[in-house]
Amino acid sequence: MPEPEISHLDSGAPCCLDLEKPFPFPSVNRLFYRALVAFGKLPVYAASARMIAGREHFRGVKGVLLVANHPHYFDSMLIMGGCPRPVRWLSMVEVSRGKFARFFQWIGAVPLDRRRADPTAVRRIVQLLKQGEVVGIYPEGRIQQGPDSVTQGGKMNESLFRTAVMAGVPVIPCVVAGGEDFGQWTGWLPLGRTRWAVVFGAPVAASENLAADVRAALVSLYQTAAAHVNGGSSPTL
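Residues numbered from 1 in each chain as written. Predicted model: local features only at pLDDT ≥ 70, side-chain atom pairs only at ≥ 80, totals over all residues. Heavy atoms only, no water.

Draft legend 1. View of the pairing of strand 6 (residues 171-178). A large share of strand 6 lies buried, amounting to 8 of its 8 residues. Here strand 6 pairs with strand 7 (residues 194-200) via 5 bridges, running antiparallel. Each residue of the ladder has a partner; that of cysteine 174, found in strand 7, is phenylalanine 200. (Buried < 20%, exposed > 50% of the residue type's maximum accessible area, 1.4 Å probe, protein only. Helix = DSSP H or I, 4+ residues; strand = E, 2+ residues; numbered from the N terminus. Pairing = 2+ DSSP bridges.)

Right, here's the structure in full:
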């Protein structure tokens, strides 16, 4: 899933946005989404030793801002396969209007214009959250690994969490670890045992310390995910 320069969400102060006014936006094509996830799981699961944990944290929660680290290009695919509900990803407006426009529309992606401040994206995210949707973002803004990763103290765009506060919904932190071998053809071989983990954390309530609380949760969750990737736990479904 192409990632946008999410700092452009800083457009438009909340006081200037009419968040109560209906804002029509295409819904997820659930049949297409489910088929995409189902067919995607076949080669991924056949080639991997996986751990997916924390799915129970979505029970009883309506709107959720899903905040994840972003170590490689396969993160969105792995998270979509592990999440019990459709994830509406924040995406670059360029791909949402290009030759893959119909694809991104059917999976319910939220386009963001990176060239300028984009209050429209803010309105869309807040409205979707209020309607009970799961909106997924990568606060690092791009692929980050090692010391640059938020899981190891790297930077993240804390202003993104404003949308959760505006919508009055919690944040569910999510960590992806492993899966780098999918970048090579040998990583897709059946029984290749490519190790990866997706771990969802407990909902973090919106507060003035939200960014710090989410960062701490991501760091903690990464220890659990990394333990599996390093051979310290058994895969779960």
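There is more to say, and it comes next.
Draft legend 2. Seen up close, the sheet that holds strand 2 (residues 64-68). Overall, mixed pairing links the 7 strands, which are arranged 1-7-6-2-5-3-4 in an open sheet. The sheet is open, and its two borders are formed by strand 1 (48-53) and strand 4 (110-112), each paired with just one other strand. Averaged over all pairs of adjacent strands, the angle between strand axes in this sheet comes to 20 degrees, irrespective of strand direction. Pairing geometry for strand 3 (residues 87-92) and strand 5 (residues 134-137), over 3 bridges, is parallel. Pairing of valine 87 across the sheet is with valine 134, part of strand 5. Along the sheet, helix 2 (residues 75-82) makes contact with strand 1, strand 2, strand 3, strand 6 and strand 7, crossing strand 7 at roughly 60 degrees. (Axes fitted to C-alpha atoms, helices over the stretch in contact; angles between N-to-C directions. Contact = heavy atoms within 4.5 Å.)

Draft legend 3. Focus on the packing of aromatic side chains. Taken as a whole, this structure holds 9 aromatic pairs when the rule is applied. Where phenylalanine 58 meets phenylalanine 200, the ring centres are 5.3 Å apart and the plane angle is 80 degrees; that geometry is what we call edge-to-face. Placement of phenylalanine 58 in the loop between strand 1 and strand 2 and of phenylalanine 200 in strand 7 is noted, with a sequence separation of 142 residues between them. Phenylalanine 58 sits in the buried class, given a relative accessible area of 4%. (Phe/Tyr/Trp six-rings, centres within 6.5 Å; stacked < 30°, edge-to-face > 60°.)

Function cannot be read off these values alone, since they describe shape.
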